[in-house]
Amino acid sequence: MSSVAILIETIDGVVPKSAGELATFAKRMGEVTAVMVGGDCSSQLTNYSIDSLVQVDGVDVSKFGVPAYVDAIAAVIAAKNCDVLLVTSGARGKEIAGRVAVRTNSGVITDAIDIDSEKIATQSIFGGSTTVHSQVTTPLAIFTMRSNSVEIVEGACATSVEKLSATPSTATLKAEVLALEPLVKGGRPELTEAAIVVSGGRGTNGDFSAVEAFADSLGAAVGASRAATDAGWYPHSHQVGQTGKTVSPSLYVACGISGAIQHRAGMQTSKMIVAINKDPEAPIFELADYGVVGDLFAVLPSATAAISARK
Amino acid sequence: MKIAVCVKQVPDSWAEKKMVNGSLDRAGVDAVLNDLDEYAVEEALKIIEAHSPTGEAGEGSGHSITLITMGPDRASEALRKGLSMGADSAIHISDSALAGADSLLTSHVLAEAIKSGNFDLVLCGTESTDARMSVVPAMIAERLGWAQLTFAGSVVVDPAATKVEISRVTEIGAEKMQAQFPAVISVVEKINEPRYPSFKGIMAAKKKSIEVKALADLGLSATPAWSNVKDATPRPARAAGLKVEDSGNGGSDLVNYLAEKRVI
Ligand SMILES: Cc1cc2nc3c(=O)[nH]c(=O)nc-3n(C[C@H](O)[C@H](O)[C@H](O)COP(=O)(O)OP(=O)(O)OC[C@H]3O[C@@H](n4cnc5c(N)ncnc54)[C@H](O)[C@@H]3O)c2cc1C
């Protein structure tokens, strides 16, 4: 049986859903230790299968970021003798995992969509065209898990919180955050966590109201193509694709998006893909389970009305 | 200032990719300079131009840009591209023992090459369009014990104070970060518009030196891999599904379809 550390990253003190997904994957392999850095957020973890809770202080992650997380995790791994580390596959999570791998001379597999009890990870690469199974061969195995890849299995969470003090390494103190302006969060679900994502592209011509209304009728997150974020129509934090976020919701609706390879890279593993585009030759239709050839400004409002009618 | 830019040759984004013996088959596809690395080369040029007495990069600037790549012989084509944009020289680490190298080995080799160069700054793209891991810049920073400034959307360098400040947008918000030299910086693709090599640049690049090094020249030997691929299966291409023309009820038909498939 393994001893699995999972990193609980918070945004503005809030634990994302992906923490429950990490606990779900971790429980398959053995004992689960949740690592909290900064504050104690255990009150948000009560539904997850976690055998021990460790809160690390002594490092300032808000000021020193990624390397400070690495200092904290390295301390927990040493104290708890962990042989697996799971981190959520965001930009920050991947860097943390990569640096822990270097520091501990361990193997790391990124962006896994599944992992079994034998620590064999599944990845979906080349824009979803190839499925790969791989494993780490070092005593500590590190994985970053793509969010939204597993149904959370709830369980019992430890009730006591163990405290551990870590010391920042000298390199950690070399780059510091001078200022942080938190992202203004709307009322919609987080892009990488949402079960449904509705995205708009150049075809919206800057008017996202129809996309947003349809998204809201479904309780969906709103995404955008790079053409839309470059034009300033939607914030970059909503960009889906190679240089934006990778999403794999159960439903992805692409509205006025042509389906460029860089966009596909971020959404191709969605379970169901719907495209609305007025060009019948648009490449997005090649991967759509359901395509509507039409004007998004006509199709979306009627779809939104149909959803409301069903409620 | 001495700036190093790590670049990589990758299969063309549009090329069909497949796995052979657990790693990407690179022989059968067109290769290009990783387009995200072009932004790093461009940013290095901009930094030098801003602090050059002539306003230009190159010999008269008093600063230098060295490209560093690890890859097979033909990766020199990617280096020529960067040199023709205006970088001064290049280091090419080429060794048959490096075939199929993962991020840990890549960062190890690049860090060793960087160590021998006395650089102030190392610039990278945010990821390679083939491996898509986005971890090599952070790993290089960890190996060197240098400041890590990744995903920069703007970079301001103060050579006199040996200081660099970046701004970036991450999952948590818009951040400003600062560090002393030496630092590892990765830049996002929104930071600039990479220049096209001029005719003059292309001609000049032919005369610039590319220093080829084997692993042994860096005092390294091949290490066993930290992980391995058990199997790789191409997934059948996503079959295109239904395609319907909207003639007034495209929206409600769509909703009926979604309800039928139980996704809503
Ligand atoms: C290094 C690099 C990184 C990149 N990273 C990303 C990335 O992360 N994400 C990303 O998305 N792109 C990325 N791109 C850009 C990508 O190549 C495409 O340019 C971009 O995805 C196009 O966006 P689009 O589909 O919205 O626009 P277009 O390609 O212009 O397509 C617009 C579509 O809207 C349709 N349309 C127009 N009007 C209507 C209407 N009224 N109703 C219905 N349909 C309509 C048109 O038929 C067309 O198909 C990257 C490019 C590079 C070079």
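Residues numbered from 1 in each chain as written. Chains lettered and ligands numbered in written order. Predicted model: local features only at pLDDT ≥ 70, side-chain atom pairs only at ≥ 80, totals over all residues. Heavy atoms only, no water.

**A word on the interface of chain B and chain A**
- With 76 residues of chain B at the contact, the number on the chain A side is 86 residues.
- Roughly 6900 Å² is buried in total at the junction of chain B and chain A, and carbon and sulfur atoms are behind 57% of that figure.
- The interface formed by chain B and chain A contains four salt bridges.
- Our enumeration of links across chain B and chain A arrives at 31 residue pairs in polar contact (both at pLDDT 80 or more). (Contact = heavy atoms within 4.5 Å. Buried area = accessible area lost by both parts, 1.4 Å probe. Salt bridge = Lys/Arg side-chain N within 4 Å of Asp/Glu carboxyl O. Polar contact = N/O pair within 3.5 Å; in protein donor to acceptor, adjacent residues only side chain to side chain.)

**As for the site of the ligand**
- Taken together, 27 residues sit near the ligand, with A:Arg202, A:Ser225, A:Thr243, A:Ser258 and A:Asn277 positioned nearest.
- Taken together, the residues near the ligand originate from chains A and B.
- Residue A:His263 places a side-chain N or O atom 2.7 Å away from an oxygen atom belonging to the ligand.
- In the environment of the ligand, a nitrogen atom lies 3.1 Å from a nitrogen or oxygen atom belonging to the backbone of A:Lys278.
- For the ligand, the protein covers 82% of the area, taking 990 Å² as the surface of the free molecule.
- Those elements that provide at least two residues to the shell around the ligand are helix 6 (226-230), helix 7 (261-264) and helix 8 (296-310) of chain A together with helix 1 (35-50) of chain B.
- A breakdown of the residues in the shell around the ligand according to their chemical character gives seven nonpolar, 14 polar and six charged. (Near = heavy atom within 4 Å. Areas by Shrake-Rupley, 256 points an atom, 1.4 Å probe, with all protein chains shown as cover. Helix = DSSP H or I, 4+ residues; strand = E, 2+ residues; numbered from the N terminus. Nonpolar A, V, L, I, M, F, W, Y, C, P; charged D, E, K, R; others polar.)

**Focus on a nonpolar patch on the surface**
All names here are of chain B.
- A cluster of nonpolar residues, Phe 199, Ile 202 and Met 203, forms a patch on the protein surface that exposes about 310 Å² of accessible area.
- With respect to the helices and strands, the residue Ile 202 is situated in helix 5 (residues 199-207).
- Taking relative accessible area as the criterion, Ile 202 reaches 37% and is therefore assigned partly exposed. (Patch = residues over 30% accessible without salt bridge, like charges linked within 9 Å, V, L, I, M, F, W, Y side chains within 5 Å. Buried < 20%, exposed > 50% of the residue type's maximum accessible area, 1.4 Å probe, protein only.)

**Some thoughts on the packing of helix 3 (residues 66-80) of chain A against helix 4 (residues 91-104) of chain A**
Residue and element names in this part refer to chain A.
- For the pair helix 3 and helix 4, the least separation of the axes is 9 Å and the interaxial angle reads 55 degrees. When the axes of helix 3 and helix 4 are compared, the pair comes out oblique. Where helix 3 crosses over helix 4, the handedness of that crossing is right-handed. Touching Val 66, Pro 67, Tyr 69, Val 70, Asp 71, Ile 73 and Ile 77 of helix 3 are Arg 92, Glu 95, Ile 96, Arg 99, Val 100 and Arg 103, all from helix 4. (Axes fitted to C-alpha atoms, helices over the stretch in contact; angles between N-to-C directions. Parallel < 35°, antiparallel > 145°, perpendicular 65-115°, else oblique. Left-handed = near helix turned anticlockwise from the far one by under 90°.)

**Some details on the domain arrangement of chain A**
All names here are of chain A.
- What the domain assignment lists for chain A is domain 1 (2-174) and domain 2 (196-310).
- Taking only C-alpha atoms, the centre of domain 1 and the centre of domain 2 are 31 Å apart.
- Facing seven residues of domain 1, the contacting portion of domain 2 comprises six residues.
- Roughly 480 Å² is buried in total at the junction of domain 1 and domain 2, and carbon and sulfur atoms are behind 44% of that figure.
- Taken together, the connections running from domain 1 to domain 2 amount to zero salt bridges.
- Our count for the contact surface shared by domain 1 and domain 2 stands at one residue pair in polar contact (both at pLDDT 80 or more). (Domains from an automatic or database assignment.)

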